[in-house]
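# Structural overview
Here are the chains, one letter per residue:
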Amino acid sequence: MKTVAFVGNPNAGKTAWINALSDAGFEVGNWPGVTVERKQAQVEWDKEAITLIDLPGIYDLQKTNNEEQITQDFLESQPIDCLINVLDATHLQRALRLTLKLRMLQIPMILIFNFYDEVLKNGIEIDAAKLSRRLACPILCASAFDKQAGRQVKDTVLAMLHQPFDGYRPLLPKPLEQAWVDEVNALQLAEPFASPLALKKQAYQKLCDRQPQAMHEALYRAVDSLMSHVRQDPQRRLLKTKRIDAVLLHRIWGLPLLLAMSFGMLMLIYNGSAPYVAWLNQLTLWMQHGCRLLLASMPAWVQSLVCDGLLAGIGSVLSFLPLMAFLYFFLGLLEESGYMARIAFLMDRLMRPFGCSGKAFVSLLLGLGCNVPAVMATRVIEEESSRRRTALVVPLISCGARLPIYLLFSAAFFPGQGGLVVFTLYGLSLVSALVLSLVLSLPEHRKQPWMVLELPVYRRPSLPVVFNKVRQEVKNYTRKALTVVMLAMTVLWGLTYFPTGEIATSYAAQFGKAASVIYEPLGFGTQWPLVASLPGSIAAKETVVGFLASVLSETTETPPDFAEESRNLISGLGEAVKNSVVHLADFSQEGQDAGLISELGALFPDPLGKLRAYCFLVYCLFSIPCIMTLNALRQEYGTKLMLKSIAIMLALPYVVSLLLFQLGRLLFWL
């Protein structure tokens, strides 16, 4: 099995190339000890089995961040048969610095000058033949979307794998080159059986250690010498980007435009996926009803386990797939177009005092729709500590699943003031997330470096690349989430079913009655149905409404008509496709159950009723996130961070609700 590693600057197009060469057959995980994404693919070219490794994008080999640490450790410790250095051909001067350092690792290397279509469009002239001779590396000028170029890369890699490799000489001034040769000879005498390639690499590193300033200057002179084979007009190349940035990065309206576009993206993700989510929920109900018909002769608990436990778990995962697909589609557009870097640039100054990077803003914004994609979106943050910190505070952002609870309680206790109540809860959510981020960042706040960011040129996003990313991420998410969520949903089903088969007398209800005394200082503990509804909210926040409806309402469920449901399911898919486009800007909510509102409002008839209800809403806002969010945290950052999130959101809602109720009661009596 041969190993071919792809390395290059961020946004140079490595992933597009490995996509094209492997048909996106990635195995995705995390590098050991960190949350930086690891991608590799197994391919077979002309009966040669090859592993393609997509290394993190880097600018240097100095180990100043996780990406550089991972890349350099891998290149130095793992057997690599061929290195493919992908360069942005429109920014060769920046990319060649890394290329020269990679050559001294003494690994056979192929250079791909990517975005060559843009090179031709911008009138840039590159003498690739002369550069290839100077660097002693094959150079391919191509675009990842050219199928013929893909075949050329495969042939070049296969040729490289089967030809002898004598190593590279450094591009140094004569005195330094002679010093390198002398060092190689000295090492050869001291270690006669060592590999010649290892000796050349070791000699170069010793020279860098002994004469760092001279070697640094030699590197830049070598790059300038190589760039003499490139003719370009920087003003022409950057003209389009400068014109767009004059608007999008304007010091006055740049930020308002970002907020408007962010809100629009959130609307498109949330509302565009909502009809598909509703259809998948309808599909889950259809499967549950059909399963009950098939299991009609089985005991009631078996029917409930399969339908309300296992199938409900499958349905939970399925219902998030449209949301994840829309999320990764729009994140892909932002990344491919070059605007994601602008978001980080615009928001960094505002977010940094709270210990967050500019890109954290995207995750917090997405959290307003759903915390699950918001956690997944934290992977676009480069800095490891900021990435973890943002993931911890994302569950504090009030997601769309909490909104039905707010609306129900607003109708019952705050008629005519629902908008104000919801606004204060969302404001409290955002403020608490920023404060928690600040607290978590205090131990390292003083040593936190300022962000150095190079803004890429604007490019038209490649839809094949974006759709490949969507397909791969959704597939990996489903595979990792399914088993964990099904197990958790089965446990929660048992708590709401046993020992009597009735939710009002289940273990969850018994817990609510027993734990009410603990929640009495928070104001709402005098009513056990509210306390008992909290464990089920771990499955999904909106289950609070369903639990209260089943306990407080007197309605009886009519038997489902399976044939009618089947017909509605088929027609509903077409409606979902239509509504996904037609109702993108529709944030209207379904009407509330008048009977449930009346029953709920009767729970707190005392003068402090509104305060008690608001404290319950605050508790729901800060309570443990849903299973899908917990699983996303575990999937992205490991069990330890997930448990840390649970600990924070066990203590925070209790403390905040306690202070709010006790202070509110004191002010009321004063």
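What counts as what
- Residues numbered from 1 in each chain as written.
- Predicted model: local features only at pLDDT ≥ 70, side-chain atom pairs only at ≥ 80, totals over all residues.
- Heavy atoms only, no water.
- Salt bridge = Lys/Arg side-chain N within 4 Å of Asp/Glu carboxyl O.
- Helix = DSSP H or I, 4+ residues; strand = E, 2+ residues; numbered from the N terminus.
- Buried < 20%, exposed > 50% of the residue type's maximum accessible area, 1.4 Å probe, protein only.
- pLDDT = per-residue confidence, 0-100.
- Contact = heavy atoms within 4.5 Å.
- Axes fitted to C-alpha atoms, helices over the stretch in contact; angles between N-to-C directions.
- Parallel < 35°, antiparallel > 145°, perpendicular 65-115°, else oblique.
- Left-handed = near helix turned anticlockwise from the far one by under 90°.
- Nonpolar A, V, L, I, M, F, W, Y, C, P; charged D, E, K, R; others polar.

For the structure on display, the rule yields 14 salt bridges. Across the pair Arg151 and Asp46 runs a salt bridge whose closest N-O atoms are separated by 3.7 Å. A residue pair is termed long-range when its members are at least 10 positions apart, and Arg151 in helix 6 (residues 147-161) and Asp46 in the loop between strand 3 (37-45) and strand 4 (48-54) qualify at 105 residues. Look at Asp46 and you get exposed, because its relative accessible area is 57%. Here the salt bridges share partners, and the residues they tie into one network are Asp46, Arg151 and Asp155.

To continue, consider the confidence of the model for the protein chain. Averaged over every residue, the pLDDT of the protein chain is 84; the share at 70 or more is 92%. Within the protein chain, strand 2 (residues 26-30) has the poorest average pLDDT of any element, 56, and helix 25 (residues 609-622) the best, 94.

Turning next to the side chain of Thr629. Residue position: Thr629 is located in helix 26 (residues 627-637). For Thr629, a relative accessible area of 2% corresponds to the buried category. Among all residues touching Thr629, those that are not within four sequence positions of it are Asn371, Val372, Val375 and Pro395.

Where helix 21 (residues 528-536) meets helix 22 (residues 543-552), the closest approach of the two axes is 9 Å, and the angle between their N-to-C directions is 140°. With respect to each other, helix 21 and helix 22 are oriented oblique. In this structure, helix 21 crosses over helix 22, and the sense of that crossing is right-handed. Residues Trp528, Pro529, Leu530, Ala532, Ser533 and Gly536 of helix 21 form the contact with helix 22, whose participating residues are Thr543, Val544, Phe547, Leu548, Val551 and Leu552. When the residues that make up the contact of helix 21 with helix 22 are grouped by side-chain class, the tally is 9 nonpolar, 3 polar and no charged.

On to the environment of Asn271, then. Mapped onto the elements of the fold, Asn271 is located in helix 11 (residues 254-294). On the accessibility criterion, Asn271 (5% relative accessible area) is buried. Linking Asn271 and Ser580, residues 309 residues apart in sequence, is a C-alpha distance of 6.8 Å.

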